[in-house]
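# Summary of structural features
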Amino acid sequence: MDIADYYRQLGLRSGTSLSQVKAAYRRLARQYHPDVNPGDEQAKSKFIAITEAYKFLLSVAPREVEESKAAVSKQVNSTQVKSTARSPSPTVKVTRKEPPVQYYHVPLSPTDQKLKHDSYLQLQHLLKYQKFPRAIALIEGLAQRIPDDVEVRQWQAIAYQRWARHLIGEYELDKARNYLKKALRTDPHNRALWAEVERDFRRLEQIY
């Protein structure tokens with residue numbers, strides 16, 4: 001299942017923002033939840049499918065700029081509150097284990113926004129038709145142009161993982177293993193990606 005399929009499970013178009021993904025999931029979950037449809041296997045299957053799509057898209061769907069700004073503002077405000085509570089001294093620094101601010105999306109210029117959007121659509125097309133080397137070349141070029149964008153990093157890792165899965169099917173196992181490791185290094189905090197990579201490593205072990 002590719003990214004577009006996950007969006008379709010929620011009745012959305014590819015590239016829909018994270019806030020819309022969350023809203024669609026809440027609406028569908030209320031409709032298909034097993035507690036609302038006791039004994040209905042079709043509703044249960046639908047609920048499982050939309051939940052899987054939602055979990056995947058949490059780490060892939062683009063955040064709206066305002067969402068990203070709000071997240072950064074919330075993190076900064078929280079740090080300031082804790083620092084004030086611990087000591088009245090303005091020189092006290094509070095070390096937090098949360099992701100650094102640069103983890104969130106940095107606003108892009110209109111040119112880069114268009115480039116990112118067009119590249120995303122092209123990437124989906126290339127992955128759908130299994131043109132993996134071209135997909136990787138495309139996303140690596142975009143990552144060089146926009147190096148601090150978390151979504152681009154996620155897309156790059158997904159491209160590596162999808163290429164690795166294809167290589168497993170072609171029995172190019174060493175090459176597949178390298179690309180799986182590369183995917184994890186590229187986006188180490190993506191839980192959905194880790195789950196897919198673990199599944200691929202299990203396939204490798206079975207073949208070996």
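Cut-offs and rules
- Residues numbered from 1 in each chain as written.
- Predicted model: local features only at pLDDT ≥ 70, side-chain atom pairs only at ≥ 80, totals over all residues.
- Heavy atoms only, no water.
- Helix = DSSP H or I, 4+ residues; strand = E, 2+ residues; numbered from the N terminus.
- Buried < 20%, exposed > 50% of the residue type's maximum accessible area, 1.4 Å probe, protein only.
- Contact = heavy atoms within 4.5 Å.
- Areas by Shrake-Rupley, 256 points an atom, 1.4 Å probe, with all protein chains shown as cover.
- Expected span 1.5 Å × (residues − 1).
- Polar contact = N/O pair within 3.5 Å; in protein donor to acceptor, adjacent residues only side chain to side chain.
- Phe/Tyr/Trp six-rings, centres within 6.5 Å; stacked < 30°, edge-to-face > 60°.
- Lys NZ or Arg CZ within 6 Å of the ring centre and 35° of its normal.
- Core = buried A, V, L, I, M, F, W, Y, C linked by side-chain atoms within 4.5 Å.
- Salt bridge = Lys/Arg side-chain N within 4 Å of Asp/Glu carboxyl O.
- pLDDT = per-residue confidence, 0-100.

Right, let's get into the overall build of the chain. Counting its regular elements, the chain contains nine helices and zero strands. Expressed as a percentage of the 208 residues in the chain, the buried residues total 40%. Long-range pairs, those at least 24 residues apart, make up 62% of the contacts in the chain with a sequence separation of at least 6. For the chain, the accessible surface area stands at approximately 12700 Å², while carbon and sulfur atoms represent 52% of it.

Relative to the 28 Å expected for 20 residues at 1.5 Å per residue, helix H7 (residues 150-169) spans 29 Å between its end C-alpha atoms, a close match to the ideal helical length. The backbone nitrogen of Glu 151 has a side-chain oxygen 2.9 Å away, supplied by the residue at the start of H7, namely Asp 149. One or two steps after H7, the chain reaches Tyr 171, where phi turns positive at roughly 65°.

Before going further, it helps to examine the packing of aromatic side chains. Here the structure, examined in full by the defined rule, presents six aromatic pairs. Ring geometry for Tyr 120 and Trp 155: centres 4.7 Å apart, planes at 35°, overall tilted. Taken together, the residues Tyr 120 in helix H5 (residues 110-128) and Trp 155 in helix H7 connect sequence positions 35 residues apart. Owing to a relative accessible area of 4%, Trp 155 belongs among the buried residues under this scheme. Note on Trp 163 and Tyr 179: the rings are 6.4 Å apart at their centroids and 75° apart in plane angle, and the pair reads as edge-to-face. Taken together, the residues span a long stretch of sequence, with Trp 163 in helix H7 and Tyr 179 in helix H8 (residues 173-186) at a distance of 16 residues. Considered together, Trp 163 and Tyr 179 belong to a single accessibility category, that of buried residues. Taken together through their ring pairs, the aromatic side chains of Phe 132, Tyr 160, Trp 163 and Tyr 179 make up a single cluster. Above the ring of Tyr 32, the side-chain terminus of Lys 46 is found at 5.9 Å from the ring centroid.

This paragraph deals with helix H9 (residues 191-207). Over its 17 residues, H9 runs 25 Å from end to end, which matches the ideal 24 Å to within 8%, given 1.5 Å per residue. By the burial criterion, the buried members of H9 are Ala 192, Leu 193, Glu 196, Val 197, Asp 200, Phe 201 and Leu 204. Where H9 is buried, its residues contact helix H3 (41-57), H7 and H8. Sitting at the amino-terminal end of H9 is Asn 190, which places a side-chain oxygen 3.1 Å from the backbone nitrogen of Ala 192.

Counting through the fold element by element, Gln 154 comes out in helix H7. Overall, the relative accessible area of 8% leaves Gln 154 in the buried class. Excluding its chain neighbours within four sequence positions, the residues that come into contact with Gln 154 are Ser 59, Val 60, Asp 187 and Asn 190.

For the rest of this paragraph, the subject is the nonpolar core. Counting 50 residues, the largest nonpolar core has Ile 3, Leu 10, Phe 56, Leu 57 and Trp 155 as its most contacted members. Counting residues per element, the ones that place at least two in this core are helix H1 (3-9), helix H2 (18-32), H3, H5, helix H6 (132-145), H7, H8 and H9. Sort the elements by how many residues they give to this core and H7 lands first, with 10 residues. Residues in contact with Trp 155, not counting those within four places in the same chain, are Val 60, Lys 116, Tyr 120, Leu 123, Ile 139 and Leu 142.

Once that is clear, we can look at the pattern of salt bridges. Applying the stated criterion across every chain yields a total of nine salt bridges. Taking the shortest distance from any N to any O, the salt bridge between Asp 5 and Arg 8 comes out at 2.2 Å. With Asp 5 and Arg 8 both in helix H1 and three residues apart, the pair spans about one turn of that helix. Arg 8 sits in the exposed class, given a relative accessible area of 52%.

What follows deals with the confidence of the model for the chain. Keep in mind that low pLDDT regions are not for reading the predicted coordinates in detail. Taken residue by residue, the chain gives an average pLDDT of 79. The fraction at 70 or more is 77%. Summarising per-element confidence for the chain, the mean pLDDT is lowest in helix H4 (residues 65-86) (45) and highest in H7 (93). Confidence over residues 65-73 falls short of pLDDT 50; this stretch has nine contacts with residues more than four positions distant or in other chains.

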